[in-house]
Amino acid sequence: MAAGRWLLHHRVARRLGSTALGTRVPARTAASTSDERGAGGSKGPGGFFITTPIFYVNDRPHIGHLYSALLADAACRFQQLQGVVREHTLFCTGTDEHGLKIQRSAEAGGCEVQAFCDAVSHDFRSLFVSADVSFTDFVRTSEQRHCATVHRVFQALADGGHLYQGRYEGWYCLADEAFLGEGQVREEQLPSGQTATVSAESGRLVEWHSEDNYMFRMSAFRDELLCWLRAEGRVRPRHFQHQLEQWVSEELPDLSVSRPRERVPWGVPVPGDEGHTIYVWVDALANYLTAAGGFPTPKPWPPDVHVLGKDILRFHGLCWPALLLALGLELPRALLCHGHWTIGGQKMSKSLGNVVDPRQAAAQYTMGGLRYLLLRGGAPHADSPWGGAVAGHLLNAELADTLGNLLNRCTAPALNPKGCVPPLDVGLLESSPCGLQLAKHLATLPDTIAHHYADFNFHHGIEATMGAVRQANAFVQEEQPWVLAKDPASTPRLELVLRLSFEVLRVAGVALLPVVPELSTRLLDCLGVPPALRTWSSLSLGFTKPDQEYLSTSFTLGLRHKLFPKLKLQ
Ligand code: ME8
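Residues numbered from 1 in each chain as written. Predicted model: local features only at pLDDT ≥ 70, side-chain atom pairs only at ≥ 80, totals over all residues. Heavy atoms only, no water.

A.B. asks: Just to check I follow, could you spell out the overall build of the protein for this structure?
C.D. replies: Within the protein, the regular secondary structure consists of 20 helices and 19 strands. Classification of the 570 residues of the protein by burial places 59% in the buried group. Here the contacts in the protein between residues at least 6 apart in sequence split such that 78% fall between residues at least 24 apart. In the structure as shown, the protein presents an accessible area of about 22800 Å², 54% of it carried by carbon and sulfur atoms. (Helix = DSSP H or I, 4+ residues; strand = E, 2+ residues; numbered from the N terminus. Buried < 20%, exposed > 50% of the residue type's maximum accessible area, 1.4 Å probe, protein only. Contact = heavy atoms within 4.5 Å. Areas by Shrake-Rupley, 256 points an atom, 1.4 Å probe, with all protein chains shown as cover.)

Listed below in structure tokens is the structure:
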């Protein structure tokens, strides 16, 4: 038979007996593939459940990992601005600690494996804490609660008749911990002149494996997967959904879900068979169940959104839903897949060694600055080149010269001697074409931003926000409040300029809370926006009730500290 192919000698297709394996699987629910509550990150009743991938601990975190976590964080914060209470939010992240890759990294570092995992896992966790990633659970696959979940999941698959023993022969990519079909590998000439077989997608080396494994009948779920995949907005951006549909229609081989223990001892043992450990991807995907309290009765379930990089789309878009179908659980409502951060046109990755350390980047740009750069510069639908020299200029231009400048102008004692937010003079507004244009822009801005954020296009939402701040600065420039301030007769006009600028800042402050929470909170504090008005619905109040004050008139003007101190650039 041809090399590099799934060659499954079904042998006697020995089903795993439930006696050897213990507990039983719950009955499959009829609603497994239904989508009653809509797709695209819709909320479950009153809550929100979002996940990031769990990160391999074979090396330290880089900005690509942080980006995945920030997308989830921004989505979560946006939901909370829209009224989801934090107590009803499940936002989980964590670390993926089993498998051959981790085992070998620990060995290479001369470390005991668990101690190695502890150190790197702590590194991820503390990075996320320092970056204000507001996760509510951090799952480590070496934790006892998780191993128990994986055990039960495997057992349930066996009890449900979804596993058989077979021989797997084919290519395995260790760096991706993935099996590859014949069409997924290519020959490549190495610098040494030798030829090697590599993964066509990731370019990483593959090894030929031939071993007896437990196999999962993934192929049985092809039709249900297609049905799940055809729902509008199931996978964002849309082209990733098409990619998945194409994969399913091309080939959906069964999945090897175990490893001989003698080769991969660092994993969860197969229940009732000490000779095998469970495949690291089954182990890893089950973390979403662990975060929801474990199998068989996870709650809340299903997740509203799984955030993931495009390198692991196949696992989340095919293997995971197929496993859930077999387990009789509802499928995730939506997947948000994103492109990669690149350097010199190549994916930033641990194995290529071309990574940017987020802590170093934060030292250069501030952590708020780094969050802004990643969410402003990264677009889920495409790969994004890491900024280099332009990054600092962008931060200075947008956070210091645009946003900070408008705040300084509004609060400068020379322009705002009373230190207040003046009421809006509607009559005067109507006589100012520029002011009117700005007010009209403000009326539609929250919906525009919300539309982008709901689609996880934070970069577009930020652009729209900054566009309004730029427009406000241009309005101020045109009105010249420093001239108006010298003439008492111009006070009403000066106050109109201040009032409109404050309103732009209030909207920008709330809109940027998901992106740069610390900086936005300082901005809103400085404006005196009460916490109850830091919500999305408060944005649409705008000027519709001019008599109502949204901003405290007693705030202390004059920022002691700059909103975003300008970076010194070479
Ligand atoms: O794949 N740009 O872990 P991982 C953007 N443990 N995002 C990137 C990136 C880049 N250059 N490099 C990595 C695994 N990522 C598994 C996941 S989930 C059940 C198991 C992001 O540490 C991207 O989201 O190799 C990728 O999917 C994730 O980091 C995890 O990478």
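A.B. asks: Explain the pattern of salt bridges here, please?
C.D. replies: It is possible for side chains bearing opposite charge to pair when their charged atoms get close. Under the criterion given, the structure shown has 29 salt bridges. Here Arg-371 and Asp-73 are joined by a salt bridge, their closest N and O atoms 2.6 Å apart. Of this pair, Arg-371 sits in helix H12 (residues 367-377) while Asp-73 sits in helix H2 (residues 63-81), placing them 298 residues apart in sequence. For Arg-371, a relative accessible area of 2% translates into the label buried. With a shortest N-O distance of 2.6 Å, Arg-186 and Glu-188 are connected by a salt bridge. (Salt bridge = Lys/Arg side-chain N within 4 Å of Asp/Glu carboxyl O.)

A.B. asks: Is there a simple way to think about the site of the ligand in this case?
C.D. replies: Around the ligand, the surrounding shell holds 26 residues, and the nearest of these are Ile-54, Ser-68, Asp-96, Trp-341 and Met-348. Between the ligand and the protein, one listed contact pairs an oxygen atom with a backbone N or O atom of Tyr-56 at 3.0 Å. Measuring from a nitrogen atom of the ligand, one finds a backbone N or O atom of Gly-64 at 3.2 Å. Of all the secondary-structure elements, those providing two or more residues to the shell around the ligand are strand E2 (55-56), H2, helix H8 (280-285), helix H9 (287-291) and strand E15 (305-309). Of the residues in the shell around the ligand, the class split is twelve nonpolar, ten polar and four charged. (Near = heavy atom within 4 Å. Polar contact = N/O pair within 3.5 Å; in protein donor to acceptor, adjacent residues only side chain to side chain. Nonpolar A, V, L, I, M, F, W, Y, C, P; charged D, E, K, R; others polar.)

A.B. asks: Sorry, what's going on with the sheet that holds strand E13 (residues 269-270) here?
C.D. replies: Two modes of strand pairing occur in sheets, parallel and antiparallel, and in both the strands are linked by backbone hydrogen bonds. Pairing is antiparallel in the open sheet, where three strands are placed in the order E12-E14-E13. Of all the strands in the sheet, just strand E12 (258-260) and E13 have a single pairing partner and so form its edges. Pairing of E13 with strand E14 (residues 273-278) involves two bridges; the strand directions are antiparallel. When the sheet's bridge partners are listed, Pro-269 is paired in E14 with Thr-277. (Pairing = 2+ DSSP bridges.)

A.B. asks: So what exactly am I meant to see when it comes to the packing of H12 against helix H13 (residues 389-411) here?
C.D. replies: Pairs of packed helices are described in terms of their axes, by the angle between the two and the distance that separates them. Running from amino to carboxyl end, H12 crosses H13 at an angle of 100 degrees, the nearest separation of the two axes being 10 Å. Viewed along their axes, H12 and H13 adopt a mutual orientation that is roughly perpendicular. Each of Gly-369, Tyr-372, Leu-373 and Arg-376 in H12 lies in contact with H13, whose residues at this interface are Ala-391, Leu-394, Leu-395, Glu-398 and Leu-399. For the contact of H12 with H13, the residue count by class is six nonpolar, one polar and two charged. (Axes fitted to C-alpha atoms, helices over the stretch in contact; angles between N-to-C directions. Parallel < 35°, antiparallel > 145°, perpendicular 65-115°, else oblique.)

A.B. asks: Honestly, H13 in this entry has me stumped. Any pointers?
C.D. replies: Note that an α-helix has 3.6 residues per turn; residues three or four places apart therefore point the same way. Taking 1.5 Å per residue as the helical rise, H13 with its 23 residues ought to reach 33 Å, and the 32 Å between its terminal C-alpha atoms agrees with that figure. Residue Gly-404 marks the point of greatest curvature in H13, where the axis turns by about 35 degrees. (Expected span 1.5 Å × (residues − 1). Bend = angle between axes of the 7 residues up to and from the residue.)

A.B. asks: Help me understand the pairing of E14, please; the structure alone is not making it clear to me.
C.D. replies: One face of the sheet, then the other: side chains in a regular strand alternate in exactly this way. In this sheet, E14 lies alongside E12 in antiparallel orientation, the contact comprising three bridges. What sits directly across from Pro-260, in E14, is His-276. Remark: two residues form the turn of the hairpin made by E13 and E14, two consecutive strands paired antiparallel; Gly-272 in that turn has positive phi of roughly 75 degrees.

A.B. asks: Can you help me understand the environment of Asn-396 in this one?
C.D. replies: Of note, Asn-396 is situated in helix H13. Residue classification places Asn-396 among the buried residues on the basis of a relative accessible area of 7%. Ignoring sequence-local partners within four residues, the contact set of Asn-396 consists of Asp-401, Phe-564, Lys-566, Leu-567 and Leu-569.

A.B. asks: Could you clarify how one ought to interpret the nonpolar core in this entry?
C.D. replies: One recurring pattern in soluble globular proteins: nonpolar side chains tend to sit buried together. Counting residues in hydrophobic clusters, the biggest one holds 173 residues, and the most contacted among them are Phe-128, Phe-216, Tyr-279, Trp-386, Leu-403 and Trp-536. Residue-level mapping places this core at the junction of two domains, with at least three residues from each of domain 1 (5-12 + 50-377) and domain 2 (388-556). Membership of the second largest hydrophobic core comes to five residues, among which are Trp-171, Cys-173, Leu-180 and Val-185. (Core = buried A, V, L, I, M, F, W, Y, C linked by side-chain atoms within 4.5 Å. Domains from an automatic or database assignment.)

A.B. asks: Would you mind going over the environment of Gly-293 with me for this structure?
C.D. replies: When you line up the elements, Gly-293 lands in the loop between H9 and E15. Separated by 144 residues in sequence, Gly-293 and Thr-149 place their C-alpha atoms 8.9 Å apart.

A.B. asks: Help me understand the side chain of Asp-123, please; the structure alone is not making it clear to me.
C.D. replies: Relative to the elements of secondary structure, Asp-123 occurs in helix H4 (residues 113-130). Note on Asp-123: relative accessible area 12%, which makes it buried. If we ignore the near neighbours within four places in the chain, the residues touching Asp-123 are Arg-60, Pro-61 and Arg-359.

A.B. asks: Any chance you could explain the side chain of Arg-409 here in plain terms?
C.D. replies: When you line up the elements, Arg-409 lands in helix H13. For the buried Arg-409, which has no salt bridge, the nearest side chain bearing the opposite charge is Asp-401, at an N-O separation of 10 Å. Looking at Arg-409, its side chain comes within polar contact range of the side chain of Gln-477, at 2.5 Å. Those residues in contact with Arg-409 that lie beyond four places of it in its chain are Leu-415, Asn-473, Val-476, Gln-477, Trp-482 and Leu-498. (Lys, Arg positive; Asp, Glu negative; His and termini not counted.)

A.B. asks: I'm lost on unusual backbone geometry in this one. Help?
C.D. replies: Comment: phi is negative for the bulk of residues other than glycine, and the bulk of peptide bonds are trans. Following Arg-236, the chain continues into Pro-237 via a peptide bond in cis, with omega recorded as -20 degrees. Secondary-structure assignment places Pro-237 in the loop between strand E10 (235-236) and helix H7 (238-250). In the segment running from Lys-299 into Pro-300, the intervening peptide bond is cis, with an omega of 0 degrees. Positioned with a positive phi, Phe-456 is a non-glycine residue whose angle comes to about 65 degrees. Summarising the element assignment, Phe-456 is placed in the loop between helix H15 (433-454) and helix H16 (458-479). What makes Phe-456 buried here is its relative accessible area of 4%. The phi torsion at Gln-480 lies on the positive side, around 50 degrees, for a residue other than glycine. Within the element layout of this structure, Gln-480 appears in the loop between H16 and helix H17 (481-484).

A.B. asks: Which parts of the structure should I look at to understand the pairing of E15?
C.D. replies: Burial runs high along E15: five of the five residues are buried. In E15, alternate side chains face the same way, and those of Val-305, Val-307 and Gly-309 on one face and His-306 and Leu-308 on the other are all buried. Where strand E1 (residues 48-51) and E15 come together, two bridges link them in parallel fashion. The residue bridging Ile-50 from the neighbouring strand is Val-305, located in E15. With five bridges joining them, E15 and strand E16 (residues 334-338) adopt parallel strand pairing. Bridge pairing links Gly-309 to His-338 in E16.

A.B. asks: Could you clarify how one ought to interpret the sheet that holds strand E19 (residues 384-385) in this entry?
C.D. replies: The sheet built from three strands is open, its strands ordered E18-E17-E19 with mixed pairing. Only two strands of the sheet have a single neighbouring strand rather than two, namely strand E18 (346-347) and E19. Relative to E19, strand E17 (residues 341-343) runs parallel, the two sharing two bridges. Within the sheet, the bridge partner assigned to Thr-342 lies in E19 and is Pro-385.

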